[in-house]
Amino acid sequence: MILRELQQRLRARSEYALRLAAMNDVGRRYPSSVSKPALPRVGVFWRWVFVPLFRRVPWSFKQQAMRTFKMTAAGWPADARRFGEPWRAPARPQPQPHEQVAEKASNSGR
Amino acid sequence: MSERLIVIGGGGAGTAAATIANRVNPDLHVTVFSEFPDIAYSPCGIPYAHGREIPEFKDLFLSTVQRYVDDGLDMRMETTVTDIDLDRRTVTARNAHEGFDKLIMCTGFVWEQPDVPGANLEGLHYVKDIRRAMEFDKELDAMKRAVVIGGMWLGVEMSGALARRGLQVDFIDDGPWLLSELVDPDVAEPAREALEKLGVNVRTGTRLLGFEGSGGRVRAVSTSAGELECDVAVICLHKLPNTKLAQEIGLKLGTIGAVVVDDHMRTSAPGVWAAGDVIEVPHGLSMLPIAGLTGSHAYAQGRVAGANAAGKDMAYDPVWIPWGFMAGDYTIGGFSIGETLAEAMGIPYVLAKGFGVSRARYFPGAARTHVKLLAEPGTLRLIGGQLHGGEGIKERCDFLAFVAKRGATLEDLAWMENIYSPPIGALFEPIQIAAQNGLAEHARTRANIPVPA
């Protein structure tokens, strides 16, 4: 329970800090479309320690770290059509016995 | 004796789950519990009924409860499940216990409520239940001013709809540009202009401070830009997963507080599935769990949960989230991530930008279509994008989300085939143009682009 709450808090705070920093940077590229945000600020640690550190770490390392800290989805096959893998047809399971019954019923005009 | 499946929730996920379970295994006794009196209506159409683009609310009803009963479902409308006992396999509703063999939780979402003074006043409206929306629609006739709060897509749709209805509308959002959590500033700008064209006063960078009341009813919204008088305040903040029951029975929740499911929509409890806004599913690019997606996602997840509960073996893919909506008369859309989110997550990308026309340029009604694509440096695989324009944005976003999921590259898109028929498609497809621009830019700057680690 405590671990889950910690994970939720960590994710919420880190995402918010990263989003604010990203809005600031991306906003500078489109100055005519941007106003000064009124969003609550983040703490000094998040803005000046966490964000710069996070940005220095390569994406592949960040992915690995997120997996290690169980921040990514569990119970989903990691090798199910990996990113960039050519398309393949989804596996078709064999019909179950009750489906065959349903099919017969459907064919008989039920 | 046949097995009994109980579905809690009569929204998109719940109705899909019940219908498919019943279809896959007609011997299964399927019961749906819903706290609402109606089923199979389109809540996403509500803003457009307020704006009179949809003439009548009854047009939003796609089916009736009786139709589901006729199909063999046991429908318990206006019946709230108050308790679940997983050991005894019973649910409690209206003080009666009902047994089940299998359970699907589709309890949906609740709106985030503003944590400011006056948030309990009358006259604060949340868009969800269609009956309440129909009452609200009648009240709108006597209203003159509305303040719409929150930078989510629904706020944009409601602002446009209420302006069409003739109300003076202030839209407030504390972000630096419209929809800054989702949309990049260059894509948000034309959406803002479209809303302003309808007469909406768009106030970005404006913070909600509280609600001012008179006689228990809201009369103004207090903001960092001053007080805005209103007859109603429409609140469109975040959708939060409604996990009250799930928590009570100890289902595992994830890093965003939604119910954790696997790719078969199985929860952490045996014999219990979940689908829709109450669950989190992984983003296809990062595998980070996300929640609060679209009605079509909820429906598809419900189908998977229903089929599996009825004995099938169906898997649901991580999502690439095609999205889109109208801001006034303008369409914006996208899939996966945009520049802002890529920057926030620290995902390296190259940009491919361009624009074309939706039909042959000489054909009446041709509209400019702007395309921005994000690709992985090195491989140039598509990882996200945002589009804006007139017709055809939705179809392009659907297409791009699908091909990104299948690993398409900028090279693939630059040489894609397209339909050329003057009334429906131009000689050059805007996606092609953007991809070709991106490749050309990439070739010019290749030496300076870092390859991802």
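This one's a predicted model, so the numbers in the text were calculated from it and none came from an experiment.

1. Observations concerning the environment of Pro52(A)
Residues and elements named next belong to chain A. Mapped onto the secondary structure, Pro-52 falls in helix H2 (residues 44–56). Judged by local crowding, Pro-52 falls into the exposed class, with 10 C-beta atoms found within 10 Å. In the structure, Pro-52 is positioned 19 residues away from Met-71 in sequence and 20 Å away in space, judged by C-alpha atoms.

2. Here's the deal with the nonpolar core
Residue and element names in this part refer to chain B. With 97 residues, the main nonpolar core has Ala-17, Ile-104, Met-105, Val-259, Ala-274 and Ala-275 as its most contacted residues. The residue makeup of this core includes at least three contributed by each of domain 1 (4–109 + 239–309) and domain 3 (329–444). Look past the residues within four positions of Val-259 in its chain and what remains in contact with it is Met-105, Pro-241, Thr-243, Ala-246, Leu-251, Leu-253, Thr-267, Ala-274, Val-278 and Ile-279. By size, the runner-up hydrophobic cluster in this structure holds 52 residues, among which are Ala-133, Ala-146, Cys-230 and Val-232.

3. A look at the environment of Ala366(B)
All names here are of chain B. Looking at the secondary structure, you find Ala-366 in the loop between strand S24 (350–357) and strand S25 (368–375). Between the C-alpha atoms of Ala-366 and Gly-356, which are 10 residues apart in sequence, the distance is 9.8 Å. With residues near it in sequence (within four places) discarded, Ala-366 still touches Val-357, Ser-358, Arg-359, Ala-360 and Arg-361.

4. Thoughts on the interface of chain A and chain B
Listed as interface residues are 45 residues of chain A and, on the opposing side, 50 residues of chain B. With 11 residues, helix H1 (residues 2–29) of chain A is the single largest residue contributor to the side of chain A that touches chain B. Along the lines of polarity and charge, the residues of the side of chain A that touches chain B split into 25 nonpolar, 11 polar and 9 charged.

5. Digging into the pairing of strand S23 (residues 330–336) of chain B
Residue and element names in this part refer to chain B. The buried count for S23 comes to 7 of 7 residues, which makes it a mostly enclosed element. Taken together, the 5 bridges between strand S22 (residues 323–327) and S23 define a ladder with antiparallel strand orientation. Bridging from a neighbouring strand, Trp-323 pairs with Gly-334 of S23. Counting the residues that bridge the hairpin from S22 to S23 gives 2 residues, and of these Gly-328 lies at a positive phi of roughly 65 degrees. Pairing geometry for S23 and strand S26 (residues 382–389), over 6 bridges, is antiparallel. Paired with Ser-336 across the strands is Gly-384, a residue of S26.

6. Structural notes on the domain arrangement of chain B
By domain assignment, chain B separates into domain 1 (4–109 + 239–309), domain 2 (124–235) and domain 3 (329–444). Spacing between the C-alpha centres of domain 1 of chain B and domain 3 of chain B amounts to 34 Å.

7. Quick notes on helix H12 (residues 430–445) of chain B
Residues and elements named next belong to chain B. The terminal C-alpha atoms of H12 lie 22 Å apart, and with 16 residues this matches the ideal 22 Å at 1.5 Å per residue to within 8%. When we look at burial in H12, the residues that qualify are Pro-430, Ile-431, Ile-433, Ala-434, Ala-435, Gly-438 and Leu-439. Those residues of H12 hidden inside the fold are in contact with S24, S25, helix H10 (393–405) and helix H11 (410–414).

8. So, the pairing of strand S12 (residues 201–204) of chain B
All names here are of chain B. Judged from the 4 bridges that link them, strand S11 (residues 168–173) and S12 form a sheet pairing that is parallel. Of the residues in S12, the one forming a bridge with Asp-173 is Thr-204. In this fold, the crossover linking S11 to S12 by way of helix H6 (residues 185–197) has right-handed handedness.

9. Some details on the packing of helix H1 (residues 12–24) of chain B against helix H8 (residues 295–309) of chain B
Residue and element names in this part refer to chain B. Their axes nearest at 7 Å, the elements H1 and H8 cross at an angle of 35 degrees. The hand of the H1/H8 crossing is right-handed. Listed contacts from H8 to Gly-12, Ala-13, Gly-14, Ala-16, Ala-17, Ala-18, Thr-19, Ile-20, Ala-21 and Val-24 of H1 are Gly-295, Ala-298, Tyr-299, Gln-301, Gly-302, Arg-303, Ala-305, Gly-306, Ala-307 and Ala-309.

Here is what the cut-offs are and how they apply
- Residues numbered from 1 in each chain as written.
- Chains lettered and ligands numbered in written order.
- Predicted model: local features only at pLDDT ≥ 70, side-chain atom pairs only at ≥ 80, totals over all residues.
- Helix = DSSP H or I, 4+ residues; strand = E, 2+ residues; numbered from the N terminus.
- Buried ≥ 20, exposed ≤ 12 C-beta atoms within 10 Å, placed from the backbone.
- Core = buried A, V, L, I, M, F, W, Y, C linked by C-beta atoms within 7 Å.
- Domains from an automatic or database assignment.
- Contact = placed C-beta atoms within 7 Å.
- Nonpolar A, V, L, I, M, F, W, Y, C, P; charged D, E, K, R; others polar.
- Pairing = 2+ DSSP bridges.
- Expected span 1.5 Å × (residues − 1).
- Right-handed = clockwise from strand over helix to strand, strands pointing away.
- Axes fitted to C-alpha atoms, helices over the stretch in contact; angles between N-to-C directions.
- Left-handed = near helix turned anticlockwise from the far one by under 90°.

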